[in-house]
Each structure stands twice: as C-alpha cells, then as structure tokens.
Protein chains: 2
Amino acid sequence: MGKKIFEKNENIENCPVRNVIDRIGDKWSMLIILLLAEEQVLRFNEIHKCIGTISQKMLTVTLKSLESDGLVKRTVFPQIPPKVEYELTHRGKSLLPHLLALTEWANNNMSDIKASREQYEKVNA
Amino acid sequence: MGKKIFEKNENIENCPVRNVIDRIGDKWSMLIILLLAEEQVLRFNEIHKCIGTISQKMLTVTLKSLESDGLVKRTVFPQIPPKVEYELTHRGKSLLPHLLALTEWANNNMSDIKASREQYEKVNA
DNA sequence: CGGCATCCAGATGGATACTG
DNA sequence: CAGTATCCATCTGGATGCCG
C-alpha cells in the first residue's frame, strides 16, 4: 500500500483529506458542484429552483464557502435588478471526476447498502 | 455530459449520492476506512490508539454505521477479555480507490485552497 | 434579484461514569 | 477489552423578515 495516509498521533484535524471532506461532506456543496457541472453557468435563483429543497440562507452560505475555496467563480453584473452568475473554476472542474466516480459507485451500490441496513436492523432488533 | 445526475424537483434526499456522502462525510468514517485499508485488521482499541482524538462513543457509533452499510466486517472472539476485530469488506474495499483519489486531490490542492481562503478573507474584511 | 440578520430546533459529537 | 448510558456543548441548517 506504500505511503501512509496519516501517521498515528498525527494532528488529524489538519490533514488535507478531512479538510476537503469537511466541505464536500456538508448537506449541499456536492449537489451544487454537480449541478454547475451540468449547466455550466447559473444564476442564484436558477440554482435555487433546481434544488427546490434548499433554503436561501444555505444556498448563500454554501456558495460563499465554495467561492472562498476557489471551486466556484462568482460574477456580479452591476445592474438593477442585480444579476449574479455562478460557474465552476478550473479547480472545481478538477474535483469533478472524483465526485462523478463517487456518484457512480453510489448508484451501483445503493440497493445493496439499503439491503445491508435493513438486514442489520432485523438482526439487532 | 450525457445523463443527468439529478432531475429538477427530484427528491434529493433520496438520491444515492447524498446517501453515500452522508456516511462518508461525517467526522470519522473516512479516516477509519483509510486506516483499515492500511492495516488490514485492527482491534477496537488499536483503532482508538491510531486515531487518538476520537472518543470511545464516536468510535462505536461510527463502526456500527459502517458495519450496517456492509463496508466493515466485525468479528467477535468469544473469550475473556473480549476481542473484536474490524476489517474492510469487499464493498468497503471497492469504495477505497475513490477515497484515495479524493485524498490525492486534497493533498495536491490543499495549499492552493488555503491560499484562496486567506485571500477571500482579506478581500471581505 | 440576490442577498443579510436573527432566532431557533434538531443533529452531532465530546466527557464522564458504569458494565459483562 | 469493548463496549453502554447519560448528560451536555456545539454545530448545522431551516424559517422568517428586512434591504439595496
């Protein structure tokens, strides 16, 4: 297996893996990245409509987080009413293949995982 | 880009991607999977020592979750004092390449991401 | 239109004590 | 050794209302 992912007693809070998963692993980031990957460029309210169940607050918070990590580019058009467009950056696009791989794995394994969960519940009843 | 990841107004809570990320995205699951991938088989307290900062409770909870999803196999040796071993299942191992890919991406991009965050903070001061 | 501020419920997870 | 049980602090995220 070669190089160690992390050494024992290392400060795990600071390891890059956790740091990335902390962002990707929240409730909405991954969905937004996948959506932007499909649609290329979207306005705030377009994203909001596509992900009907997200609140305005969480959409704002998540987009800010993605922007601050340099995964999403935010373009403001200074007009009234305002217009803001979002799209993936190069860095965001470079993350995409891995997310798509995870997505595919999820689609392939979800029914088995659900069966495992139900079996587990039944045994530990 | 071909097939849609998710259709608009689809029930996002039930999509496989989110369902997987919900597990992987918690505080400890991914670390435990990576650790088991390296060490093959570990006892409860061995994992605990390797991940010094995890509480006993969260280790139990996380291992149960991974076991119920069929990603980790739990073997109890009926002896006193008890001995329990944990290892990845085939399904768990099949997830591994994607996690390693994410890990590598994280290592390659972390310094740039940190720089972006600091830059973002500076601009929005 | 694209936010921000505030308040609040529920989920997550840590500390501690106890057990077979 | 490998847990379980309980309590509690913090974090996440939803609802609502206001603003340029």
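Bear in mind the structure is a predicted one, so any value in this text is a computation, not a measurement.

**Student:** Explain the relation of the copies chain B and chain A here, please?
**Tutor:** Between the two chain copies there is a screw-like relation: a rotation about an axis and a shift along it. Turning chain B through 180 degrees and shifting it by 0.0 Å along the axis lays it on chain A, with an RMSD of 0.1 Å. Here the symmetry operator amounts to a two-fold rotation axis. Taking the C-alpha atom as reference, chain B places Gly25 of chain B closest to the rotation axis, 2.1 Å from it. Interface residue correspondence from chain B to chain A reaches 100%, placing this contact among same-surface, isologous pairings.

**Student:** I would appreciate a short explanation of the protein's contact with DNA strand C in the present structure.
**Tutor:** With respect to spatial proximity, 19 residues lie near DNA strand C, and among them Thr60, Arg74 and Tyr86 of chain A together with Lys27 and Lys57 of chain B are the closest. Across the atoms of DNA strand C situated within 4 Å of the protein, the share located in sugar and phosphate is 60%. One nitrogen or oxygen atom from the side chain of Lys64 of chain A is found 2.8 Å from a phosphate oxygen belonging to DNA strand C. With respect to DNA strand C, the side chain of Trp28 of chain B contributes an N or O atom lying 3.4 Å from a phosphate oxygen. Where the surface near DNA strand C is concerned, the elements lending two or more residues are helix H3 (44–50), helix H4 (56–68) and strand E3 (83–88) of chain A together with helix H4 (56–68) of chain B. Ranked by residues supplied to the surface near DNA strand C, first place goes to H4 of chain A with four residues. Of the residues in the surface near DNA strand C, the class split is eight nonpolar, four polar and seven charged.

**Student:** I would appreciate a short explanation of the UniProt feature "domain: HTH hxlR-type" (unreviewed entry) in chain A in the present structure.
**Tutor:** The sites that UniProt annotates as "domain: HTH hxlR-type" (unreviewed entry) are residues 15–114 of chain A. Between the end C-alpha atoms of residues 15–114 of chain A the distance is 31 Å, and the span holds 65% helix and 15% strand.

**Student:** Quick question: what am I supposed to make of unusual backbone geometry here?
**Tutor:** Most of the time, phi is negative for any residue but glycine, and the peptide bond is trans. Residues and elements named next belong to chain A. Looking along the chain, the bond that leaves Ile80 and enters Pro81 is cis, with omega of 0 degrees. Tracing the backbone shows Pro81 in the loop between strand E2 (72–77) and E3. Of note, Gln40 is a non-glycine position whose phi angle comes to about 70 degrees, a positive value. Positionally, Gln40 belongs in the loop between helix H2 (29–39) and strand E1 (41–43). Assessed through its relative accessible area of 52%, Gln40 is described here as exposed.

**Student:** Mind showing me how you'd approach the sheet that holds strand E2 (residues 72–77) of chain B here?
**Tutor:** Working definition: the strands of a sheet are paired by backbone hydrogen bonds and lie parallel or antiparallel to each other. All names here are of chain B. Reading across from one edge, E1-E3-E2 is the order of the three strands in this open sheet, with antiparallel pairing throughout. The strands lining the two open edges of the sheet, one partner per strand, are strand E1 (41–43) and E2. Recorded for the sheet is a direction-independent mean angle of 25 degrees between the axes of neighbouring strands. As judged from the three bridges shared by E1 and strand E3 (residues 83–88), these two strands associate in the antiparallel manner. Paired with Arg43 across the two strands is Glu85, which belongs to E3.

**Student:** Would you take a moment to explain the interface of chain B and chain A for this structure?
**Tutor:** Bring the parts together and some accessible area is lost; that lost area is often taken as the interface size. Facing the 56 residues of chain B at the interface are 56 residues of chain A. Across the chain B/chain A interface, buried area totals approximately 5,600 Å², and carbon plus sulfur atoms make up 66% of it. Connecting chain B to chain A are two salt bridges. The closest approach of N and O atoms between Arg117 of chain A and Asp69 of chain B, which form a salt bridge, is 2.6 Å. Counting across the interface, chain B meets chain A through eight residue pairs in polar contact (both at pLDDT 80 or more). Looking at the side of chain B that touches chain A, the elements that each hand over two or more residues are helix H1 (16–24), helix H2 (29–39), helix H3 (44–50), H4 and helix H5 (90–123) of chain B. Split into classes, the residues belonging to the side of chain B that touches chain A amount to 27 nonpolar, 12 polar and 17 charged.

Conventions adopted
- Residues numbered from 1 in each chain as written.
- Chains lettered and ligands numbered in written order.
- Predicted model: local features only at pLDDT ≥ 70, side-chain atom pairs only at ≥ 80, totals over all residues.
- Heavy atoms only, no water.
- Least-squares fit on C-alpha atoms with pLDDT ≥ 70 in both.
- Contact = heavy atoms within 4.5 Å.
- Near = heavy atom within 4 Å.
- Polar contact = N/O pair within 3.5 Å; in protein donor to acceptor, adjacent residues only side chain to side chain.
- Helix = DSSP H or I, 4+ residues; strand = E, 2+ residues; numbered from the N terminus.
- Nonpolar A, V, L, I, M, F, W, Y, C, P; charged D, E, K, R; others polar.
- UniProt positions renumbered as here; feature names shortened; annotations may be inferred.
- Buried < 20%, exposed > 50% of the residue type's maximum accessible area, 1.4 Å probe, protein only.
- Pairing = 2+ DSSP bridges.
- Axes fitted to C-alpha atoms, helices over the stretch in contact; angles between N-to-C directions.
- Buried area = accessible area lost by both parts, 1.4 Å probe.
- Salt bridge = Lys/Arg side-chain N within 4 Å of Asp/Glu carboxyl O.

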